[in-house]
Amino acid sequence: MYVFTTVDALKAHLHARRQEGKLWGLVPTMGALHEGHLSLVRRSNAENDFTVATLYVNPTQFNNPDDLARYPRTFDADRAMLESAGCQVLFAPTDAEMYPAPTTLRFSFGDLETVMEGQFRPGHFNGVATVVAKLFHHAEPAVAYFGQKDLQQFAVIRRLVQDLAFPLRLVRCPIVREPDGLAMSSRNRRLEPEARKVAAVLSYALREAAEALQKTRNPEAARGLIGQIFYPIEGVFLEYFEVVDAASLQPVTTPEDHDEVALCIAAYVGEVRLIDNLIVTRGGVQ
Ligand code: AMP
């Protein structure tokens, strides 16, 4: 696996590969890797000549400085995992390389960012869009892979790609879960043992709510159930639960009129903020 820390070195390598007629997939990550990240790498490997993974904890997308400071950093383990998953190129830049000058650019994603993560993490998607746009320019992938785990991020990036005409295709990959249903996340390793057990309630509640939604076609029934499940549990604070269209992210009242209805949840389990979602389609639940 080639490891590059500068944009110039990455570009020189990729331009040579382009001369050979190769096309590659991009998998942006913030490290502290797990099977969820590796599933993106494997998918990209299967669909492209090779994969470029990026590993960069992007400071501009953290609205909470504490969260940034505590974000796990495990470079050596990440590098080994990427290599064993068959990743061929790793780009791991410094802050100075990614932000040679402070950025003042501001994006507006309209309705996509007034809800859920956009509402509770002001400025978050501006930082995401800034870094992802830079990574697209630096890596020039044919395809970029993102997880359904961050569904709102996917919707924002889709708009970024459309509005700025990035010449690439986006792929949304399914959520990889622990055996008890907890969605894999770099943040899970910050959960204390007791909190780790309780954290499975997010995915459990989503499954129950999805079943209620399929039976009743009433988002309020799903919402009621979520309240009942979370109310008695100590140490867990439900931040939001929303039933939205998976593309527009706007609240849904008649699920049968939408191709994909997403049930999205965010909760603090102890000190750790976790998000998860399920997508209900006419064919089933993803
Ligand atoms: P992150 O390092 O958290 O920024 O995540 C990098 C990419 O991996 C994003 O596109 C995430 O949506 C994706 N991802 C994170 N967790 C999972 C998971 N459990 N299953 C699938 N993809 C994931």
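As the structure is a computational prediction, the values presented were derived from the model and not from experiment.

1. Section: the site of the ligand
Close contacts around the ligand come from 17 residues, with M30, G147, D150, V176 and M184 the closest. Between G147 and the ligand, the recorded distance is 2.9 Å, taken from a backbone N or O atom to an oxygen atom. The contact in question runs from a nitrogen atom of the ligand to an N or O atom on the backbone of M184, over 2.9 Å. Breaking the shell around the ligand down by element, the ones donating at least two residues are β2 (24-29), α2 (35-47) and β5 (143-147). Counting residues per element, the shell around the ligand draws most heavily on α2, at three residues. Among the residues making up the shell around the ligand, the classes are represented as nine nonpolar, six polar and two charged.

2. A few points about the domain arrangement of the protein chain
Interfaces are often sized by the accessible area lost when the parts come together. Per the domain assignment, the segments making up the protein chain are domain 1 (2-173) and domain 2 (186-285). On a C-alpha basis, the centres of domain 1 and domain 2 stand 26 Å from each other. Carbon and sulfur atoms supply 51% of the area that domain 1 and domain 2 bury against each other, a total of about 2100 Å² over both sides. When residues of domain 1 are sorted by the area they lose upon contact with domain 2, M116, F120 and L151 head the list and together hold 26% of the total.

3. Topic: the packing of helix α10 (residues 201-216) against helix α11 (residues 219-230)
Running from N to C, α10 and α11 cross one another at 150°; their axes reach a closest spacing of 8 Å. The angle between α10 and α11 falls in the class roughly antiparallel. Like other packed secondary-structure pairs, α10 and α11 cross with a definite hand, here right-handed. Listed contacts from α11 to V201, L202, Y204, A205, L206, E208, A209, A212, L213 and T216 of α10 are P219, A221, A222, L225, I226, I229 and F230. Counted by class, the contact of α10 with α11 contains 15 nonpolar, one polar and one charged residues.

4. A few points about the sheet that holds strand β4 (residues 89-91)
Here six strands make up an open sheet; going across it, the order is β1-β4-β3-β2-β5-β6 and the pairing parallel. Each having just a single partner strand, β1 (2-4) and β6 (169-173) make up the two edges of the open sheet. The average angle at which neighbouring strand axes cross in this sheet is 25°, direction not considered. Of the strand pairs in this sheet, β2 and strand β3 (residues 50-55) are connected by six bridges, and their pairing is parallel. Residue W24 lies in a different strand from β3, and its bridge partner there is F50. Relative to β2, helix α7 (residues 124-139) is tilted by about 150°, and along the sheet it contacts β2, β3, β4, β5 and β6.

Here is what the cut-offs are and how they apply
- Residues numbered from 1 in each chain as written.
- Predicted model: local features only at pLDDT ≥ 70, side-chain atom pairs only at ≥ 80, totals over all residues.
- Heavy atoms only, no water.
- Near = heavy atom within 4 Å.
- Polar contact = N/O pair within 3.5 Å; in protein donor to acceptor, adjacent residues only side chain to side chain.
- Helix = DSSP H or I, 4+ residues; strand = E, 2+ residues; numbered from the N terminus.
- Nonpolar A, V, L, I, M, F, W, Y, C, P; charged D, E, K, R; others polar.
- Domains from an automatic or database assignment.
- Buried area = accessible area lost by both parts, 1.4 Å probe.
- Axes fitted to C-alpha atoms, helices over the stretch in contact; angles between N-to-C directions.
- Parallel < 35°, antiparallel > 145°, perpendicular 65-115°, else oblique.
- Left-handed = near helix turned anticlockwise from the far one by under 90°.
- Contact = heavy atoms within 4.5 Å.
- Pairing = 2+ DSSP bridges.

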